[in-house]
Amino acid sequence: MGKGHAEDGHLPERAKPPDGGWGWIILFGCFVITGFSYAFPKAVSIYFKELMHDFHVGYSDTAWISSIMLAMLYGTGPVSSILVNQFGCRPVMLVGGLLASSGMILASFTTNIIELYLTAGVLTGLGMALNFQPSLIMLGSYFDKRRPLANGLAAAGSPVFLSALSPLGQVLLEKFGWRGGFLIMGGLLLNCCTCGAVMRPLELNRKKKGEEAQDKYEAKEMLPMGGRAEEAVSTTDSAKKSNKAKKKKKKGKKLLDFSIFKNRGFVIYAIAKFIMVLGLFVPTILLVNYAKDSGVPDKEAAFLLSIIGFIDIFARPSCGILAGLKRVRPHVTYLFSFAMLFNGLTDIFSARATDYTALVIFCIFFGISYGMVGALQFEVLMAIIGSQKFSSAIGLVLLIEAFAVLIGPPSAGRLVDALKKYEVIFYLAGSEVVLSSLFLAVASYCCLSRKEKKNSQPENPPAGGGGSETEEAESDVPEAEDHPGDNHHLSRNINNAGGDAANHIAENRNVDGAGRLEGEGVALVPGGCDADQTVERDSF
């Protein structure tokens, strides 16, 4: 994903995803990054009670910490896309790991809630954003056929880390206080740098370089007159490098691809995700405080998040396997819609849960539905957009979701402060998620399915994402036609060189008077046409 391969003057070809090999290491790194990115804002809620006591603030004030963290994770998506397109995934992730760790370390020394917003919220959130998005881009570049399974396994990092960080946070809170807990959490986030270090870019296809060397050899064999042939080949090389440098400069200007908004499927997906995020994270952020206010002991209240995480561990890979089936993958959008509907109905039906047993049952069903949503959300986006434009698409989607994150949890916390009732929050959050699922299913059927039936050749790639590679290959064709004048100039130079070589052979024939050199000249220059074709083929 870096830019090093473009510096040698050759047009890079997109490498074929290996669907394995080093991709499993990439998958593990993405697993860890996803775990920290999604579980950390929820695990921080363990410390909210102590923060409310020390800083004399309410639910809504402490809820802003998780909201700002998630908003930075989502809202800085375009910034992360630009940095990845400019510098590559690995250096961006290394810097992100340092920022995430330093944010939590500085948060342990804060003296008011505003400083917590700036350190734990802004700085740590920005660091996790610079890790999360590049890891997904790398995962998409290493997997194609096994991509649904890879997305499901990587998404399982969120529940695994949630089930581990929640009890760990409670233990750290009891032994070291919230300041010591933040300091140790900051040290744990340094593991993001390790994950960034293993994000090795795929080796680009270097076939064209070998073809160029072969064509140079053929040109010299066709035109063996020394200086003239060398001059023709050098002229060819300089013209091609100038042409490719112009293309590279032209490509470098496009850091974000806004043409994805012309894709109806992407617009529908972005709107549905905005509505869903308004209520998706609210139950998990307020669950621990809700259980504590209902009389549940602190350790058992923190264990509720572990239950969600444990169920989620198995739900995400299972859903990834299901989405990879041949009959299911073309309809993965509707499976995603069903997962959102399941999640919203779980919130609504569990709104009146008050005792610990009812809360455990809620956590089981919420873990299943939440795991399905987490496993499918980026698989659907990859299927709609394709891997070539995925870096821009995910950045813009996360920016749209950031506004929903800033509205959802803080508004829920303010309603809790005003009404002192949690059931209203569950009803509201569930209704928003249900609405998003219905919108996605109906809009996809009305705007996309009917259009595909009318057109014998659909414009958008199938939901399984199988057409994305074809689009990438076709997108390179117009670039070769950007400067047809340069190609004409190359062929004219070789024609001139061929003519000079023929004249030189004729002079030698007149001097010697023998037919031997004349025969060799005919064999060496069979008409000049083949030389033109050789160099012109390489110019493309």
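This is a predicted model, so every value here is computed, not measured.

Once that is clear, we can look at the overall build of the protein chain. Scanning the protein chain from N- to C-terminus turns up 23 helices and zero strands. Taking all 540 residues of the protein chain together, 52% fall into the buried category. Taking the intrachain contacts of the protein chain between residues at least 6 apart in sequence as the baseline, contacts between residues at least 24 apart amount to 87%. Counting every atom, the protein chain has about 23700 Å² of accessible surface; 63% of that belongs to carbon and sulfur.

Considering all chains together, one arrives at seven cavities of 30 Å³ or more under this definition. Around the largest cavity sit 13 residues that line it, and Leu-136, Asn-151, Ala-155, Gly-374 and Phe-378 are the ones nearest its centre. Counting only elements with at least two residues in the lining of the largest cavity, the list comes to α1 (23-43), α6 (113-142), α7 (147-155) and α16 (356-385). At four residues, the largest contribution of residues to the lining of the largest cavity is made by α16. Broken down by class, the residue content of the lining of the largest cavity amounts to eight nonpolar, four polar and one charged.

This part is about a nonpolar patch on the surface. Taken together, Phe-109, Phe-176, Leu-183 and Ile-184 make up a surface patch of nonpolar side chains, about 410 Å² in accessible area. Mapped onto the fold, Ile-184 is located in helix α8 (residues 157-188).

Once that is clear, we can look at the packing of α1 against α8. Across the interface, α1 lies against α8 with an axial gap of 8 Å and an inter-helix angle of 55 degrees. By the criterion of interaxial angle, the relationship of α1 to α8 is oblique. Handedness of the α1/α8 crossing: right-handed. Along its contact with α1, which presents Phe-31, Val-32, Thr-34, Gly-35, Phe-36, Tyr-38, Ala-39, Phe-40, Lys-42 and Ala-43, the element α8 presents Gly-157, Ser-158, Val-160, Phe-161, Leu-162, Leu-165, Met-185 and Leu-188. Per-class residue counts for the contact of α1 with α8 are 13 nonpolar, four polar and one charged.

Look at helix α5 (residues 89-107) against α8: their axes get within 7 Å of each other, and the N-to-C directions meet at 165 degrees. Classed by the angle they form, the pair α5 and α8 counts as roughly antiparallel. By crossing handedness, the relation of α5 to α8 is classed as left-handed. Two secondary-structure elements touch here, α5 through Ser-101, Met-104, Ile-105 and Ala-107 and α8 through Trp-178, Phe-182, Leu-183, Met-185, Gly-186 and Gly-187.

Now for the packing of aromatic side chains. Across all of its chains, the model carries 18 aromatic pairs by this definition. Here Phe-31 and Phe-161 contribute two aromatic rings whose centre-to-centre distance is 6.2 Å and whose plane-to-plane angle is 70 degrees, an arrangement assigned as edge-to-face. In this pair, Phe-31 sits in helix α1 while Phe-161 sits in helix α8, placing the two residues 130 residues apart along the sequence. Residue Phe-161 is classed as buried on the basis of its relative accessible area of 16%. Here Tyr-47 and Phe-182 contribute two aromatic rings whose centre-to-centre distance is 5.1 Å and whose plane-to-plane angle is 80 degrees, an arrangement assigned as edge-to-face. One end of the pair, Tyr-47, is in the loop between α1 and α2 (48-55); the other, Phe-182, is in helix α8, with 135 residues separating them in the sequence. Of the two residues, Tyr-47 and Phe-182, neither departs from the other in class, the shared state being buried. The structure contains a cluster of three or more aromatic residues connected by ring pairs, namely Tyr-290, Phe-362, Phe-366, Tyr-370 and Phe-426. Residue placement shows Arg-200 over the ring face of Trp-22; its charged tip is 4.3 Å from the ring centre.

Before going further, it helps to examine a negative patch on the surface. The grouping of Glu-50, Asp-54, Glu-174 and Asp-298 at the surface amounts to a negative patch. Within the secondary structure layout, Asp-298 lies in helix α14 (residues 298-323). Overall, the relative accessible area of 40% leaves Asp-298 in the partly exposed class.

In this structure the tally under the stated criterion is six salt bridges. Between Glu-401 and Lys-273 there is a salt bridge whose closest N-O contact spans 2.5 Å. Pair noted here: Glu-401 is in helix α17 (residues 390-419) and Lys-273 is in helix α12 (residues 264-280), with a separation of 128 residues, a long-range link. Given a relative accessible area of 2%, Glu-401 falls into the buried group. Between Arg-329 and Glu-379 there is a salt bridge whose closest N-O contact spans 3.9 Å. Placement of the pair is Arg-329 in the loop between α14 and α15 (332-349) and Glu-379 in helix α16, with a sequence separation of 50 residues. Its relative accessible area of 14% is what places Arg-329 among the buried residues.

A separate point is the confidence of the model for the protein chain. When pLDDT is averaged along the protein chain, the result is 74, and 70% of the positions lie at 70 or above. The weakest mean pLDDT in the protein chain belongs to helix α23 (residues 529-539) at 40; the strongest belongs to α5 at 92. A low-confidence stretch, residues 1-12 (pLDDT under 50), is modelled with 29 contacts involving residues beyond four sequence positions or located in other chains. For the stretch residues 458-540, pLDDT sits under 50, and the model shows 97 contacts to residues farther than four places along the chain or on other chains.

Thresholds applied
- Residue positions are given per chain, counted from 1 along the sequence in the order it is written.
- With pLDDT at 70 or above as the cut-off, local features in this predicted model cover only qualifying residues; side-chain atom pairs require 80 or more to be listed or tallied, and sums for whole chains, interfaces and linings still use all residues.
- The basis for every side-chain value is the complete set of heavy atoms in the structure, and neither hydrogens nor water enter the calculation.
- Segments assigned H or I by DSSP are reported as helices when at least four residues long, segments assigned E as strands when at least two residues long, and all are numbered from the N terminus.
- The rule is simple: take the accessible area with a 1.4 Å probe, protein chains only, and divide by the maximum for that residue type; under 20% is buried, over 50% is exposed, in between is partly exposed.
- What makes two residues a contact is simply this: any of their non-hydrogen atoms within 4.5 Å.
- Only the protein chains shown count as cover for residues, with accessible areas throughout obtained via the Shrake-Rupley method and a probe of 1.4 Å.
- The method works on a 1 Å grid over the protein atoms by themselves. A cavity is a set of points holding a 1.4 Å probe that cannot get out, a pocket is an open set with protein on both sides within 12 Å along at least five of seven lines, and residues with an atom within 4 Å of a point line them.
- Grid points are joined across faces, edges and corners, and a volume is the space filled by probe spheres set on the points.
- We call Asp, Glu, Lys and Arg charged. Ala, Val, Leu, Ile, Met, Phe, Trp, Tyr, Cys and Pro are nonpolar, and the rest, Gly among them, are polar.
- Within this analysis, patches are made of residues with over 30% relative accessible area and no salt bridge. Like charges are joined at 9 Å or less; nonpolar side chains (Val, Leu, Ile, Met, Phe, Trp, Tyr) at 5 Å or less.
- Here a salt bridge means any side-chain nitrogen of Lys or Arg lying within 4 Å of a carboxyl oxygen belonging to Asp or Glu.
- To get an axis, fit a line to the C-alpha atoms, keeping to the stretch in contact for a helix; angles then go from 0 to 180 degrees between the N-to-C directions.
- Angle categories are assigned with fixed cut-offs, so that under 35 degrees is roughly parallel, over 145 is roughly antiparallel, 65 to 115 is roughly perpendicular, and the rest are oblique.
- The handedness criterion is simple: a crossing whose near helix is rotated anticlockwise from the far helix by less than a right angle is left-handed, and one whose near helix is rotated clockwise is right-handed.
- Side-chain rings of Phe, Tyr and Trp (the six-membered ring for Trp) are treated as a pair once their centres are within 6.5 Å; stacked means planes under 30 degrees apart, edge-to-face means over 60, and tilted covers the remaining angles.
- A ring is considered to have a charge above it if a Lys NZ or an Arg CZ atom is located within 6 Å of its centre and within 35 degrees of its normal.
- Only four residue types enter the tally: Lys and Arg on the positive side, Asp and Glu on the negative side, with His and both chain ends excluded.
- Each charge is placed at NZ for Lys, CZ for Arg, CG for Asp and CD for Glu.
- pLDDT is a residue-level measure of predictor confidence that goes from 0 to 100.

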